[in-house]
Amino acid sequence: MHKLIVIEGLDGSGKATQAALLADAVRASRKEKGQRPVRQVSFPDYKSDSSALVKMYLAGEFGEKPGDVNAYAASAFYAVDRYASYKKDWQGDYEDGVIIADRYTTSNAIHQCSKLDESQWDEYLNWLFHFEYELLGIPAPSMVIYLRVDPEVSQRLLASRYRGDMSREDIHEKDRAYLQRCQKAAGYCAERLGWRVIECCKDGQMRGIDEIQREISAIASPLLG
Ligand SMILES: Nc1ncnc2c1ncn2[C@@H]1O[C@H](COP(=O)(O)OP(=O)(O)OP(=O)(O)O)[C@@H](O)[C@H]1O
Ligand SMILES: [Mg+2]
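Cut-offs and rules
Residues numbered from 1 in each chain as written. Chains lettered and ligands numbered in written order. Predicted model: local features only at pLDDT ≥ 70, side-chain atom pairs only at ≥ 80, totals over all residues. Heavy atoms only, no water. Near = heavy atom within 4 Å. Polar contact = N/O pair within 3.5 Å; in protein donor to acceptor, adjacent residues only side chain to side chain. Areas by Shrake-Rupley, 256 points an atom, 1.4 Å probe, with all protein chains shown as cover. 1 Å grid on protein atoms, 1.4 Å probe; cavity = no way out; pocket = protein on both sides within 12 Å on 5 of 7 lines; lining within 4 Å. Sits in = over half its atoms within 2 Å of the grid points. Helix = DSSP H or I, 4+ residues; strand = E, 2+ residues; numbered from the N terminus. Points joined across faces, edges and corners; volume = space filled by probe spheres on them. Pairing = 2+ DSSP bridges. Axes fitted to C-alpha atoms, helices over the stretch in contact; angles between N-to-C directions. Contact = heavy atoms within 4.5 Å. Buried < 20%, exposed > 50% of the residue type's maximum accessible area, 1.4 Å probe, protein only. Core = buried A, V, L, I, M, F, W, Y, C linked by side-chain atoms within 4.5 Å. Parallel < 35°, antiparallel > 145°, perpendicular 65-115°, else oblique. Left-handed = near helix turned anticlockwise from the far one by under 90°. Nonpolar A, V, L, I, M, F, W, Y, C, P; charged D, E, K, R; others polar. Expected span 1.5 Å × (residues − 1). Bend = angle between axes of the 7 residues up to and from the residue.

Further remarks concern the site of ligand 1. Taken together, 13 residues form the shell around ligand 1, and within it Lys15, Ala16, Thr17, Arg161 and Arg207 come nearest. In the environment of ligand 1, an oxygen atom lies 3.4 Å from a nitrogen or oxygen atom belonging to the side chain of Arg103. In isolation ligand 1 has 630 Å² of accessible area, and contact with the protein removes 65% of it. Applying the majority rule of atoms within 2 Å of the grid points places ligand 1 in the largest pocket. Counting only elements with at least two residues in the shell around ligand 1, the list comes to helix 1 (15-32) and helix 9 (209-224). For the shell around ligand 1, the leading source of residues is helix 1, giving three residues.

In structure tokens form, the structure reads like this:
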């Protein structure tokens, strides 16, 4: 049984937090059943040289605005980083195990659609999935769990993360209009591609981490048997 579960969401939506908790939960249940352990991976793979172009892009070396690198070029930067990580790090674990990924090809879908006109989204998405899953040959996810956060709440989370020092934001985070378009693109992708949506906010606040985790585990557990 090989499974790849992707935790997706906009910046600061809790992906790393929830991916780690889901991995713990799956690990505990698989250990009881004597199954192979679960691997957690995260993208971009900043500790690897394969993320060099992503780092250059996010630092603004190709231009200060996300749109200075077109959707297809930026997608390629992130895609080759995933390819390298798959080949060098987790291909063997995937073949008979469970991989939990914090971001994946689906992050390209969200972030790069936002640079394109809506009339171009389908063409881009078809190209993206063909490129990564068929031509490069990295695995397609078994399930994508999208952590939806209200835009106002995510702005607040980002501001508190940098404790007011907004110069530390990367070129995506700096561009509020870009982030709003990402939110719209993510909604479109979730609907079109059958992502499982978790509503992470209630009454203008984030819901509790444990409460969100229980919902994610409940969604993922039928897949894991
Ligand atoms: N449900 C929640 N309620 C309140 N705070 C949360 C919640 N989930 C995560 N956080 C906090 O929000 C911050 C961002 O979370 P996390 O790093 O998991 O998000 P992320 O989606 O991986 O972010 P990034 O997009 O920057 O990688 C962390 O400080 C985390 O502890
Ligand atoms: Mg993260």
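The next subject is the layout of surface pockets. Roughly 680 Å³ of internal volume is contained in the largest pocket. Considering the residues around the largest pocket, the lining is formed by 37 residues, among which Asp11, Gly12, Lys15, Arg103 and Arg161 are closest to the centre. Elements that contribute at least two residues to the lining of the largest pocket include exactly helix 1, helix 3 (71-95), helix 4 (105-113), helix 6 (151-161), helix 7 (171-174) and helix 9.

Moving on to the sheet that holds strand 4 (residues 143-148). What the five strands build is an open sheet, ordered 2-3-1-4-5; its pairing is parallel. Looking at strand neighbours, the two that pair on one side only are strand 2 (38-42) and strand 5 (196-199), the edges of this open sheet. Averaged over all pairs of adjacent strands, the angle between their axes in this sheet comes to 20°, without regard to strand direction. Here four bridges tie strand 4 to strand 5, and the two strands are oriented parallel to one another. Bridge pairing links Leu147 to Ile198 in strand 5. Relative to the sheet, helix 9 contacts strand 1 (3-9), strand 3 (98-102), strand 4 and strand 5, its axis offset from that of strand 4 by approximately 170°.

A word on the side chain of Gln213. Here Gln213 shows up in helix 9. Its relative accessible area of 15% is what places Gln213 among the buried residues. Beyond its immediate chain neighbours, meaning those up to four positions away, Gln213 contacts Gln18, Leu21, Leu22 and Ala25.

Grouped together as the largest cluster of nonpolar side chains are 35 residues, with contacts concentrated most on Leu4, Trp90, Ala101, Tyr104, Tyr124, Leu125 and Trp195. Where this core is concerned, the elements lending two or more residues are strand 1, helix 3, strand 3, helix 4, helix 5 (121-136), strand 4 and helix 8 (176-193). When residues in this core are grouped by element, the largest group, seven residues, is from helix 8. Ignoring anything within four residues of it in the chain, the contact list for Tyr104 reads Leu4, Val6, Glu8, Phe43, Arg82, Trp90, Tyr133, Ile138, Pro139 and Pro141. With 22 residues, the next largest nonpolar core counts Ile100, Val149, Val153 and Ile198 among its residues.

So, on to the packing of helix 3 against helix 5. Contact geometry of helix 3 with helix 5 gives a least axis separation of 11 Å together with a crossing angle of 25°. If you check the angle between helix 3 and helix 5, you find them roughly parallel. Handedness of the crossing formed by helix 3 with helix 5: right-handed. Here helix 3 contributes Ala71, Tyr72, Ser75, Ala76, Ala79, Arg82 and Tyr83 to the contact with helix 5, which in turn contributes Glu123, Tyr124, Trp127, Leu128, Phe131, Glu132 and Leu136. Of the residues in the contact of helix 3 with helix 5, the class split is 10 nonpolar, one polar and three charged.

Moving on, we come to the environment of Leu10. In this fold, Leu10 is placed in the loop between strand 1 and helix 1. Along the backbone, Leu10 and Ser154 are 144 residues apart, and their C-alpha atoms lie at a distance of 8.1 Å. In this structure, Leu10 is in contact with Lys15, Ile110, Leu179, Cys182 and Gln183, ignoring residues within four places of it in sequence.

Attention shifts here to helix 9. Between its first and last C-alpha, helix 9 extends 22 Å over 16 residues, near the 22 Å set by a 1.5 Å rise per residue. Of all the bends in helix 9, the greatest, near 25°, is centred on Ala218, and the proline Pro222 appears no more than four residues after it. Among the residues of helix 9, those classed as buried are Ile212, Gln213, Ile216, Ser217, Ile219, Ala220 and Leu224. Here the buried face of helix 9 lies against strand 1, helix 1, strand 3, strand 4 and strand 5. Of the residues flanking the end of helix 9, it is Gly225, one or two places downstream, whose phi is positive at about 70°.

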